[in-house]
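# Understanding the architecture of this molecule
Residues per chain are reported as follows:
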Amino acid sequence: MIGIAQIALSNGASSLAVAEDLPRQVTEIKNFHISAQSLSSALTTFAQQSGRQTSYDPAIAKNVSTNGVSGVMTPEAALSSLLNGTPVQFHRLNAHTLILERKSAANITLGPVRVGGTVAHENPTGPGVGYVATNTMSATKTDTPITEIPNSIYVVTKQLMQDQQPQNVAEALRYTPGVYSEMWGNNQDGNGIAGTSSGIMQRGFTTKSFVDGLQLDSASSGETAFIERIEAVNGPSSVMYGQTNPGGMIGISLKKPTDTPLRQVSVGFGSWGRYEATVDISDKITKSGNLRYRIAAIGVTSGTQVDHIDYQRVGVLPSVTWDIDHKTSLTLLGMYMYTPNRGTNYIQYPACGTLIQNDNCPRILRNTFGGYKSWNQQGSKEAMFEFMFNHKFNDFISFSQVFRYEDSKSLTRDTYSSGYTTGGYSNSYTELTPWTVQGRSQTVGLDSRIHGKFSTGPVRHTWVIGSDFRELKYTQNALYDYTSDYIQNTYNPTLNPAVCMDINSPSCVVYGSVGPYNYFQEGIYFQDQIKWKGLSVLLGGREDWVNYDRNRYSVNNDNSNHTITYKKQTDQLQPQHAFTWRAGLIYNTNFGLSPYFSYSTSFVPQAGSTNYLGQAFSPLTGKQLEAGLKYKVPHKDILLTAAAFRIDENHYLISDLVHSGFSTDAGRVRSQGFEISANANVTKALRLVASYTYTDIRFAKTSSTAKRTDALTGTTYGTAISEEGKVVPQVPRNMFSIFADYTVPSSFAKGLGINWGMRYVGYSYASNVESFKVPSYILFDIGAHYDVGQAVPFLKGLKAQLAISNLTNKYYVTSCDTGFCYTGQGRRFYGNLTYNW
């Protein structure tokens, strides 16, 4: 971020106003869309969009052109961008009038400058500018520059999402360092409940999603039409958020009322019969603007690349912000979402036909539906209410609070893969289990904190003391049909066999479980950000308490004597608590380079998971060492980062190969590697993101042993060998990606922009003893956008866009376990027309 103007004047005079002489005022952030054109006409548009008056001699703008400006920023920053590269400069006459004049030849030396004297402070939960965000709330729960935080934070800005057109959070994270977001490929539940973190790995560990600072279980967290920005905080985050794995957390900011009017509608279309409409409108309710509203809504219907699996959704996210006074604000959000079909494929495919393809294992096509059309329903309904309250008592103490209540209901009637058999490898047969699950979750979450700033001599402190709690009540009724051995021919599936799911019918053999699950978590935390000159030190700690219980009945319909039996099963975790902490330091040099080092710990209770003896597992505990460099190029929107890390986690769970359906404690795993990334608005016309990730995660200390697995048959062979030192499966070691968007010069094609991306995912292993590899793959994405209004003025505000992922339609496997493989998404087109006014 460019700092307050520091101007060294030769000869003691200049037409530029010194920043200290300018009146203080509240920073205004507005949305600007001014295309490349003559300077005089651009200044007219600027006056309309900014509310500022510009005064100048028309002669200084004669035969002068500007490259335009687009984005959310202060009027002064927008005008500075308009004048960049021209012989014209400006200074402020008063709060509403800006004076333009020709640059003089005087020797003026400029330090970091925000022309006009005001600092355009970026909203730490807002959309960012282009592909770059400089401030964040996720890592510290305070408004802090990313370059002052001693750990890795990567932001997916609104502009990046607009250019790539992801249809869920997993797709939006495709180009994020340290994140493997589509491990389950074609089976990813990206649109379902908790779809944000399902199948997403950070630094080799599963992750959790937090929305506006609270963990969220409903599908609103995965709906990109409701999201302003996404952040990946890599490394342990337990100090601020409680139970998170050491790989990191995903922070999501929902759309909220904007300071300037926003009016946008769009219609879209795409592969597999996708049709979509969205609305995003924000404006002031009162004349003064202290009461504002926003409404985001979506309606979509689509098939998927798998036959007979569809996706439909309607949802609305209304919100209101009330600036009660200059120190107090309240934001209220509501959400309702109805998703009658989540578009999820529960059928997995064997390695024969996916990973291995030959005459004996013909390719299994990606559109192959291996389930039953007559038993194929996945739906959900979610409702949510949230409020965010902020009050500033004085310059030293403020209070913030976020509360959320959500109610989610889901219904699944489907089949899942429970095994497979092969007949001489000429045909592949999947063993299916029909099931039905009715679930309801009710969650209450609250985060309250006091925070502020004070100084002790030359040392400045930003402090936080807070408490949060989360209570989840979940009820699930699940039934499984074991009446017959349901065998499906993968290459010639039978789509409509009868399913026997009536628990009261003597013809059916049905097993299941019913009952509630209650989970309660509470924590208190503290943090101090200490800044002395260029050095920032971060210290924080947290105490967590967790309790849960599950009282369920296992239900068996034994058709041998036509009786139904109920057996009560009670799982109760004795209250657990843990202290987690972190410490780090980062030094900001005058030339933009910021080296840092940090240590942090994590804690996750393994609630609801037991071994085959019914014994609860010890909680996951992790620790991380991280060192890195951040480089914010002076006077440029370019942020470069590099980080090296080592994570140890104890009590890592793996599948119990001896006792099917259970897990076992694998001991300690270690993940170590490094990440390199670039987020850059190189010029007004060129934006790019790029990253490289190396992750080496292994079983560091374990007594577990396993036999190797044959990729074709899924059977084990040989003698059992130790898992110690072996690579943890399903985590790629290397990943590289780059995505760039370029707006073509108006002299060549006015209003046209193109983008291109490449994603490389390296090989991964498929079992705990490195039985076989899943090969690496490279995917290409392209897109284009066209501002129709630049070419046809009376269509101002209309924009057309096209995004194509996996351009070459490459067939690839995202990961395998010992029995099944997950295929990736094929070529997908998506285009839309968007109108802003």
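In case you missed it, the structure is sitting above this.
Residues numbered from 1 in each chain as written. Predicted model: local features only at pLDDT ≥ 70, side-chain atom pairs only at ≥ 80, totals over all residues. Heavy atoms only, no water.

### Re the overall build of the chain
Operational definition: Helix numbering and strand numbering both begin at the N terminus, where a helix is a DSSP run of H or I of at least 4 residues and a strand a DSSP run of E of at least 2. Buried, partly exposed and exposed residues are distinguished by accessible area as a fraction of the type maximum, computed with a 1.4 Å probe on protein chains only: under 20%, between the cut-offs, and over 50%, respectively. Contacts are assigned to residue pairs with any non-hydrogen atoms lying within 4.5 Å of each other. The accessible surface values rely on the Shrake-Rupley method and a 1.4 Å probe; as for residues, cover is taken only from the protein chains in view.
From N to C terminus, the chain includes seven helices and 50 strands. Each of the 837 residues in the chain was classed as buried or not, and the buried ones make up 54%. Long-range pairs, those at least 24 residues apart, make up 68% of the contacts in the chain between residues at least 6 apart in sequence. Put simply, the chain shows about 34400 Å² of open surface, and 56% of that area lies on carbon and sulfur atoms.

### Structural notes on the sheet that holds strand β15 (residues 205-206)
What counts is decided by this rule: By the convention used here, strands pair only if DSSP detects at least 2 bridges between them.
Here we have three strands laid out as an open sheet, ordered β13-β14-β15, and antiparallel in their pairing. At either end of the open sheet lies a strand with only one pairing partner, and these are β13 (179-180) and β15.

### Section: the pairing of strand β40 (residues 705-709)
As paired elements, β40 and strand β41 (residues 716-722) share four bridges and run antiparallel to each other. Residue pairing for β41: Arg-708 is matched across the bridge by Tyr-717. The antiparallel hairpin formed by β40 and β41 contains six residues in its connecting segment, where Gly-714 sits at a positive phi of about 75°.

### Regarding the state of the cysteines
Put simply, the rule is: The term disulfide is used for any two cysteine sulfur atoms that are within 2.5 Å.
Following the criterion strictly, the structure yields three disulfides and no others. The disulfide that involves Cys-352 links it to Cys-361, with 2.1 Å between the sulfurs. The S-S bond linking Cys-352 to Cys-361 shows a torsion near -100°; that makes this disulfide left-handed. The disulfide partner of Cys-500 is Cys-508, and the S-S distance across this bridge is 1.8 Å. On the sign convention where negative is left-handed, the bridge of Cys-500 and Cys-508, at about -80° about the S-S bond, is left-handed. We note that Cys-500, like Cys-508, is buried. In the chain, numbering the disulfide-bonded cysteines from first to last in sequence yields the connectivity 1-2, 3-4, 5-6.

### A closer look at the packing of helix α1 (residues 39-50) against helix α2 (residues 75-83)
Let me state the cut-off plainly: Whenever a helix is involved, its axis is fitted only over the stretch in contact; in every case the axis is a line through C-alpha atoms, and angles between N-to-C directions fall within 0 to 180 degrees. Reported orientations rely on four angle classes, namely roughly parallel under 35 degrees, roughly antiparallel over 145, roughly perpendicular from 65 to 115, and oblique for the rest. For this scheme, ten residues count as nonpolar: Ala, Val, Leu, Ile, Met, Phe, Trp, Tyr, Cys and Pro. Four count as charged, namely Asp, Glu, Lys and Arg, and the remainder, Gly too, count as polar.
For the pair α1 and α2, interaxial distance at closest approach is 11 Å and the crossing angle is 170°. The angle between α1 and α2 places the two elements in the roughly antiparallel class. Contacts between α1 and α2 involve Leu-39, Ala-42, Leu-43, Phe-46 and Ser-50 from the first element and Pro-75, Ala-78, Leu-79, Leu-82 and Leu-83 from the second. Here the residues of the contact of α1 with α2 sort into nine nonpolar, one polar and no charged.

### A look at α1
Rule in force here: Expected span, for any helix, means 1.5 Å times one less than how many residues it has.
Here α1 spans 16 Å end to end across twelve residues, near enough to the 16 Å set by a 1.5 Å rise per residue. Positive backbone phi, at 80°, marks Gly-51, one or two positions downstream of α1.

### So, the environment of Asn-63
Position of Asn-63 relative to the elements: it lies in the loop between β4 (53-55) and β5 (65-66). Of the residues examined, Asn-63 reaches a relative accessible area of 76% and is grouped as exposed. Distance in space between the C-alpha atoms of Asn-63 and Leu-39 is 8.1 Å, their sequence separation being 24 residues.

### A look at a nonpolar patch on the surface
Here is the rule we go by: Grouping into patches uses exposed residues only, defined as over 30% relative accessible area, and leaves out salt-bridged ones; the cut-off is 9 Å for like charges and 5 Å for nonpolar side chains (Val, Leu, Ile, Met, Phe, Trp, Tyr). Counted as salt bridges are all cases of a side-chain nitrogen of Lys or Arg within 4 Å of a carboxyl oxygen of Asp or Glu.
Together, Phe-393, Phe-396, Ile-397, Ile-450, Phe-454, Ile-465, Phe-526, Phe-579 and Trp-581 line one region of the surface with nonpolar side chains, adding up to about 870 Å² of accessible area. Those elements giving two or more residues to the nonpolar patch turn out to be β27 (427-456) and β32 (563-587). Structurally, Phe-454 can be placed in strand β27. Classification of Phe-454 as partly exposed rests on a relative accessible area of 35%.

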